[in-house]
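Here are the chains, one letter per residue:
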Amino acid sequence: ALTLGGAYFVGYVSELQRALNDPPATATKHIAAVEQALGYAGFLKTYRLYRLTGDADARALLTRHAIEAERALSDLKKFYGSDLRATDALREAQSIGEAFAHVVRTAPEPSAAALRGTAAMNELATLPQPPQLETSYLALRTALDRLNAAGQNSQRGGVAFALNWSQILIIAALGTLI
C-alpha cells in the first residue's frame, strides 16, 4: 500500500509540475491579443495598405488595432503589476506599443483618393517604412516572450522547488523499502 501510495504521489507531483510549466491562461490571452492587434494579420498588414494607398478606412482600422493593443497591454500590466521580474519586459512592451500608437496619431488623415504626387501621398511618405515597424514588432515579440517566461518563473518559484524535494524523498523512501 505504501509503494502504491508513493507511486501515486510521484505521479501527482509530476502532473503538478507540468501544470506549473504552462503559462497562465489569462496572460497568454492578453499576449495573443497584443500579437493579433499589432502583428502581420493586424496592424502591420493594414499599415502596408495605408502607406501604399492612403486609404482612409485603413487609417481607421490602424486606430482600432492600436486601441486593442493598448487595452491588452494595460491588462498585462494589471496581471503582472506585482511581479518584479516582469517589470522590464512589460515596460519595453508598453514602450513599443506606444510607438505603434504614435504612428497612428501622426498619420495624416487622407482624403478618399490619395494619388501619387499629391500632397496627401507626400505626407504619407513621412511615416516610417513598413520594415521599420516590422523590426519594432519583432522587438515586441521578444519582450512578450520574456514577459511570459517571467510569469512562468514566478509561478514555479518555490512550489517547484518543494515539489522536487518531496518527490526525491518519496523515491528514496520507496527505494529503502524495496
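Heads up: these notes are all about the structure in this document. Computed from a prediction, not measured in an experiment: that's the story for all the values here.

About the criteria used
- Residues numbered from 1 in each chain as written.
- Predicted model: local features only at pLDDT ≥ 70, side-chain atom pairs only at ≥ 80, totals over all residues.
- Heavy atoms only, no water.
- Helix = DSSP H or I, 4+ residues; strand = E, 2+ residues; numbered from the N terminus.
- Contact = heavy atoms within 4.5 Å.
- Salt bridge = Lys/Arg side-chain N within 4 Å of Asp/Glu carboxyl O.
- Buried < 20%, exposed > 50% of the residue type's maximum accessible area, 1.4 Å probe, protein only.
- Core = buried A, V, L, I, M, F, W, Y, C linked by side-chain atoms within 4.5 Å.
- Arc of directions from axis to C-beta.
- Polar contact = N/O pair within 3.5 Å; in protein donor to acceptor, adjacent residues only side chain to side chain.
- Phe/Tyr/Trp six-rings, centres within 6.5 Å; stacked < 30°, edge-to-face > 60°.

Examining the environment of Lys77
And then number 1: For Lys77, the location among the structural elements is in helix H4 (residues 56-80).
And then number 2: Between the alpha carbons of Lys77 and Leu90 there is a distance of 6.9 Å; along the sequence they are 13 residues apart.
And then number 3: Other than its neighbours up to four places away in sequence, Lys77 contacts Leu90 and Gln94.

Some thoughts on the pattern of salt bridges
And then number 1: Overall, the coordinates contain seven salt bridges when judged by the stated rule.
And then number 2: Close ionic contact of Asp88 with Arg91 constitutes a salt bridge, the shortest N to O distance being 3.4 Å. Separated by three residues within a single helix, Asp88 and Arg91 lie in helix H5 (residues 87-106), roughly one turn from each other.
And then number 3: Across the pair Glu98 and Arg105 runs a salt bridge, and its minimum N-O distance is 2.4 Å.
And then number 4: On the basis of relative accessibility, which here comes to 39%, the residue Glu98 falls in the partly exposed class.

A word on the nonpolar core
One broad trend across soluble globular proteins is that nonpolar side chains are buried collectively.
And then number 1: Counting 36 residues, the largest nonpolar core has Phe43 and Leu76 as its most contacted members.
And then number 2: Mapped by element, the contributors of at least two residues to this core are helix H2 (25-38), helix H3 (43-53), H4, H5, helix H6 (119-124) and helix H7 (130-177).
And then number 3: With eight residues, H4 is the single largest residue contributor to this core.
And then number 4: In contact with Leu76, not counting residues within four places along its chain, are Ala27, His30, Ile31, Val34, Gly81, Leu90, Leu144 and Leu147.

Focus: H3
And then number 1: Considered for burial, the residues of H3 that qualify are Phe43, Leu44, Thr46, Tyr47, Tyr50 and Arg51. Seen end-on, H3 carries its buried residues on one side only, within an arc spanning 160°. Structural note: H3 exposes Lys45 and Leu52 on the side pointing more than 90 degrees away from its buried face.

Re the side chain of Thr46
And then number 1: Within the secondary structure, Thr46 is located in helix H3.
And then number 2: Excluding its chain neighbours within four sequence positions, the residues that come into contact with Thr46 are Ala58, Leu61, Leu62 and His65.

Side note on the environment of Thr106
And then number 1: Along the chain, Thr106 turns up in helix H5.
And then number 2: Owing to a relative accessible area of 45%, Thr106 belongs among the partly exposed residues under this scheme.
And then number 3: As a C-alpha pair, Thr106 and Thr126 span 20 residues in sequence and 9.6 Å in three-dimensional space.
And then number 4: Engagement of the side chain of Thr106 in a polar contact is seen with the backbone oxygen of Val103, the distance being 3.2 Å.

Details of the packing of aromatic side chains
And then number 1: This model, assessed by the stated rule, comprises four aromatic pairs.
And then number 2: Residues Phe43 and Phe100 carry aromatic rings whose centres are separated by 5.0 Å and whose planes lie at 85° to one another, so their mutual orientation is edge-to-face. On the criterion of sequence distance, the pair formed by Phe43 in helix H3 and Phe100 in helix H5 is long-range, its members being 57 residues apart.
And then number 3: Residue classification places Phe43 among the buried residues on the basis of a relative accessible area of 0%.
And then number 4: Given the relative accessible area of 0%, Phe100 is considered buried.
And then number 5: Through a chain of ring-to-ring contacts, the aromatic side chains of Phe43, Tyr47 and Phe100 assemble into a single cluster.

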